[in-house]
Amino acid sequence: MATPMTAAQVIAQLKKWGLRYVEIPGWATHNRNQKGPWGPVNGFVWHHTGADVRDGQAYASTTLYDGISGLPGPLCHFSIGTDGTVYLVGWGRANHAGGGDPVTLQHVINEDYTGQLHPTRGNSNGTDGNAHFYGVEIQYSGSHEMSPAQYAAARRLSAAILDFHGWSERSVIGHGEWSSDKWDPGYAPNKIMAMPAVRADVASTLSAGPNQQEDPMPTPQEVAKAVLTLDGVIAVPGAPATNPTWTLSSVQTEILKRIDKIAATEAAQTAAITKLASLVGSGVDTATVVAAVQKAIADAVVRVSVDVTGADSKGV
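To start, this report covers the structure provided alongside it. Since we're looking at a predicted model, the values are computed, not measured.

The next thing to look at is the layout of surface pockets. Counted as a void, the second largest pocket has a volume near 410 Å³. Of all the elements in the fold, those that place two or more residues in the lining of the second largest pocket are strand 2 (43-48) and helix 2 (56-66). By residue number, the principal contributor to the lining of the second largest pocket is helix 2, which donates 3 residues. Per-class residue counts for the lining of the second largest pocket are 7 nonpolar, 10 polar and 3 charged.

Here it is in structure tokens:
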């Protein structure tokens, strides 16, 4: 059991663990404390939003901040966008955990369990989880895996909380391990993630410490492909295409194709030049080798230009 962090303390932890974050205006005093207790806190619950979100900040500042019909906000303390940005939505009691299994709560308090937790109680007959848990809403549908940047941020955010309270990875659970009504965070329709593997990853992140370099930022290609996935341009198993004809996505798709083509061309040219260079000393006239290498380099410049612009050789 522990006293919840203050808003200032959580900011300090986010900074300590190198997390990129955005403060939704008013988050530090936005809560449901008038409806029930907040604390002592015992753990951290992962959720998914149930939808693939294109504008993470807008979603965090409206749906998650304000709530939905019959369920006032804040709906979480943190939310994580596709690019790994952490949004601070509320601080204090939040409507995220609902009712859950008191057996699970005791396991989390004692940190005495192994394997996946299987709750037998839910919202209608369970213990009030909003008083006992921090919560994060990860912005993805659950019908596929979260993005690598999201998963890295979720691990580091978990480590930041565990580090502050001196908890182990067994204080991190999925919503589906808390409530029998839920199955999030998921990776396929109606199927919760393997949380023991998640906890093992969180333990590794915590053990490596806040200065670790194991969670690199996504490459431009990874970001672009994540955006295209959300727009339905790149097929995801089990996820229907949402906007397969969006013009900007079509442009991005073409850019990705050309980037891949340039990379393949560069690799082929490097191999060719290496082969030519190996002829030096093999009895072939040096001037001939040099000329051949120069021509290969010149061809490379032309080829890359053609790939980028889409022009034919006459237009270069």
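Now, onward.
The next subject is helix 3 (residues 102-110). For helix 3, the complete set of buried residues consists of T104, L105 and V108. Down the axis of helix 3, the smallest arc covering the buried residues is 100°, so these residues share one side. Where helix 3 is buried, its residues touch strand 2, strand 8 (127-128), strand 9 (133-138), strand 10 (172-174) and helix 5 (175-178).

Take the side chain of S158 next. Position of S158 relative to the elements: it lies in helix 4 (residues 148-165). Among the residues examined, S158 registers a relative accessible area of 0% and is labelled buried.

This next bit is on the pattern of salt bridges. Applying the stated rule across the entire model yields 4 salt bridges. The residue D163 makes a salt bridge to K16 at a minimum N-O spacing of 2.8 Å. Taken together, the residues span a long stretch of sequence, with D163 in helix 4 and K16 in helix 1 (residues 7-16) at a distance of 147 residues. The residue R93 makes a salt bridge to D128 at a minimum N-O spacing of 2.8 Å. Here R93 is found in the loop between strand 6 (86-88) and strand 7 (99-100), whereas its partner D128 is found in strand 8, with 35 residues between them in sequence.

Below, the discussion takes up the packing of aromatic side chains. In the structure shown here, the tally under the stated rule is 9 aromatic pairs. With a centroid separation of 5.7 Å and an interplanar angle of 80°, the aromatic rings of W38 and Y134 are classed as edge-to-face. Taken as a pair, W38 in the loop between strand 1 (21-23) and strand 2 and Y134 in strand 9 lie far apart in primary sequence, 96 residues in all. Relative accessible area serves as the criterion here: at 0%, Y134 is assigned to the buried category.

This part takes up the packing of helix 1 against helix 4. Running from N to C, helix 1 and helix 4 cross one another at 120°; their axes reach a closest spacing of 9 Å. Viewed along their axes, helix 1 and helix 4 adopt a mutual orientation that is oblique. Note on packing geometry: the crossing formed by helix 1 with helix 4 is right-handed. Residue-level contacts link Q9, Q13, L14 and K16 of helix 1 to L157, A160, D163 and F164 of helix 4. Taken together, the residues of the contact of helix 1 with helix 4 sort by class into 4 nonpolar, 2 polar and 2 charged.

On to the environment of A160, then. Along the chain, A160 falls in helix 4. The buried category is assigned to A160, whose relative accessible area is 2%. It is 9.3 Å that separates the C-alpha atoms of A160 and K15, two residues lying 145 residues apart in sequence. Setting aside residues up to four positions removed in sequence, A160 forms contacts with Q13 and W17.

Thresholds, definitions, all that
- Residues numbered from 1 in each chain as written.
- Predicted model: local features only at pLDDT ≥ 70, side-chain atom pairs only at ≥ 80, totals over all residues.
- Heavy atoms only, no water.
- 1 Å grid on protein atoms, 1.4 Å probe; cavity = no way out; pocket = protein on both sides within 12 Å on 5 of 7 lines; lining within 4 Å.
- Points joined across faces, edges and corners; volume = space filled by probe spheres on them.
- Helix = DSSP H or I, 4+ residues; strand = E, 2+ residues; numbered from the N terminus.
- Nonpolar A, V, L, I, M, F, W, Y, C, P; charged D, E, K, R; others polar.
- Buried < 20%, exposed > 50% of the residue type's maximum accessible area, 1.4 Å probe, protein only.
- Arc of directions from axis to C-beta.
- Contact = heavy atoms within 4.5 Å.
- Salt bridge = Lys/Arg side-chain N within 4 Å of Asp/Glu carboxyl O.
- Phe/Tyr/Trp six-rings, centres within 6.5 Å; stacked < 30°, edge-to-face > 60°.
- Axes fitted to C-alpha atoms, helices over the stretch in contact; angles between N-to-C directions.
- Parallel < 35°, antiparallel > 145°, perpendicular 65-115°, else oblique.
- Left-handed = near helix turned anticlockwise from the far one by under 90°.

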